[in-house]
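# Chain and residue survey
Residues per chain, in single letters:
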Amino acid sequence: MAPLTLFSVLVPFLLSFTPTLSTNSEGNALHALRSRLSDPTNVLQSWDPTLVNPCTWFHITCDSNNHVIRLDLGNSNVSGTLGSELGELKHLQYLELYRNEIGGKIPTELGTLKNLVSMDLYENKFEGEIPKSFAKLKSLRFLRLNNNKITGLIPRELTSLSNLKVFDVSNNNLCGTIPVDGPFATFPMESFENNKLNGPELQGLVPYDFGC
């Protein structure tokens, strides 16, 4: 009976460690992203879903608590789309996906990343509208969406982003007028060029959706 008793003790002990054999929610989110992307030059080869967390993966930076704070895939020759799972990266501060061939709509779930400081999605093939949920990104300082195929209005909700220092939506298919409140009072006109925009908003005279 002794071996049986030892076995009955060891099994629960070993099972208590099984959750560490699978990735956490951030790892799962990044692996889901990898499945959406075509990666002809294998820049995502190190993204092994069997590891405890993604902190050893290339192009990923974590903090001292093993939370993902930076995703760097700029100029990586990847294509595909983004999904709602990126909203699971709750501690993310830098989302760098510029100069690729990523298309489709920008997920509204990115607006839940309250720690985000920089979002660089420029020079891709994104389409659809700028999510109004971005107005929740109160820590955001840099938002560059230029050189895509984005349509619709510039959300007026973004004028509440008091920390926003750089905003570039040039070379898209945006329409309407340019906001003038909040941080938008300081952005140069070059940030809005080559769209279908009708110049700065004349409050009370022309509706902000004029021309759409």
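Residues numbered from 1 in each chain as written. Predicted model: local features only at pLDDT ≥ 70, side-chain atom pairs only at ≥ 80, totals over all residues. Heavy atoms only, no water.

### Notes on the sheet that holds strand S9 (residues 142-144)
This is how it is decided: At least two DSSP bridges between two strands are needed for those strands to be called paired. Every helix listed is a DSSP run of H or I at least four residues long, and every strand listed is a run of E at least two residues long, numbered separately from the N terminus. For every element, the axis is a line fit to its C-alpha atoms; helices are fit only across the contacting stretch, and the angle between N-to-C directions ranges from 0 to 180 degrees.
Here we have six strands laid out as an open sheet, ordered S2-S3-S5-S7-S9-S11, and mixed in their pairing. Edge positions in the sheet fall to strand S2 (60-62) and strand S11 (166-168), since each has one partner strand and no second. Going from strand to strand, the sheet's axes swing by 15° on average, the running direction of each strand aside. Two strands pair when backbone bridges link them, and S2 and strand S3 (residues 68-72) are joined in this way by three bridges, in the antiparallel orientation. The residue of S3 that forms the bridge with Ile60 is Leu71.

### So, helix H2 (residues 25-36)
Each α-helix winds once per 3.6 residues, and so residues spaced three or four apart point in a common direction. The condition is simple: Working rule for helices: expected span equals 1.5 Å times residues minus one. Summary of the burial criterion: residues with accessible area below 20% of their type's maximum are buried, those above 50% are exposed, and those between are partly exposed, where the area comes from a 1.4 Å probe applied to protein chains only. Along the arc lie the directions from the helix axis toward the C-beta atoms. Whether two residues are in contact is decided by their heavy atoms: any pair within 4.5 Å suffices.
In this model H2 runs 17 Å from its N-terminal to its C-terminal C-alpha over 12 residues, within 8% of the 16 Å that 1.5 Å per residue would give. Of all the positions in H2, only Glu26, Gly27, Ala29, Leu30 and Leu33 are classed as buried. All buried residues of H2 lie within an arc of 160° about the axis, which places them on one face of the element. Residues of H2 that are buried sit in contact with strand S1 (37-38), S2, S3 and strand S4 (79-81).

### A few points about the state of the cysteines
The line we're drawing: Here, a disulfide means two cysteine sulfur atoms that sit within 2.5 Å of each other.
Scanning all chains against the criterion turns up two disulfides. Across the disulfide, Cys55 is cross-linked to Cys62 (sulfur-sulfur distance 2.2 Å). Across the S-S bond of Cys55 and Cys62 the torsion is about -95°, and the bridge reads as left-handed. The partly exposed category is assigned to Cys55, whose relative accessible area is 21%. For Cys62, a relative accessible area of 19% corresponds to the buried category. Here the cysteine-cysteine linkages of the protein are recorded as 1-2, 3-4, numbering only bonded cysteines and doing so in sequence order.

### Brief notes about the confidence of the model for the protein
The criterion, for reference: Confidence per residue, as judged by the predictor, is encoded in pLDDT with a range of 0 to 100.
Taken as a whole, the protein shows an average pLDDT of 89; of its residues, 86% reach a score of 70 or greater. Note on residues 9-23: pLDDT under 50 across the span, and 11 contacts to partners over four residues away in sequence or across chains.

### Concerning the packing of aromatic side chains
Operational definition: Note on aromatic contacts: the rings of Phe and Tyr and the six-membered ring of Trp form a pair at centre separations within 6.5 Å, being stacked when their planes are under 30 degrees apart, edge-to-face when over 60 apart, and tilted otherwise. Only when the NZ of Lys or the CZ of Arg is both within 6 Å of the ring centre and within 35 degrees of the ring normal is a charge said to sit over the ring.
Applying the stated criterion across every chain yields a total of seven aromatic pairs. Ring geometry for Tyr98 and Tyr122: centres 5.1 Å apart, planes at 10°, overall stacked. Placement of Tyr98 in the loop between strand S5 (94-96) and strand S6 (101-105) and of Tyr122 in the loop between strand S7 (118-120) and strand S8 (125-128) is noted, with a sequence separation of 24 residues between them. Residues Phe167 and Phe187 carry aromatic rings whose centres are separated by 5.8 Å and whose planes lie at 25° to one another, so their mutual orientation is stacked. One end of the pair, Phe167, is in strand S11; the other, Phe187, is in the loop between strand S12 (173-178) and strand S13 (196-200), and 20 residues separate them in sequence. Counting every residue linked through ring pairs, the aromatic cluster contains Phe167, Phe184, Phe187 and Phe192. Lying across the ring of Tyr94, Arg70 places its NZ or CZ 4.5 Å from the centre.

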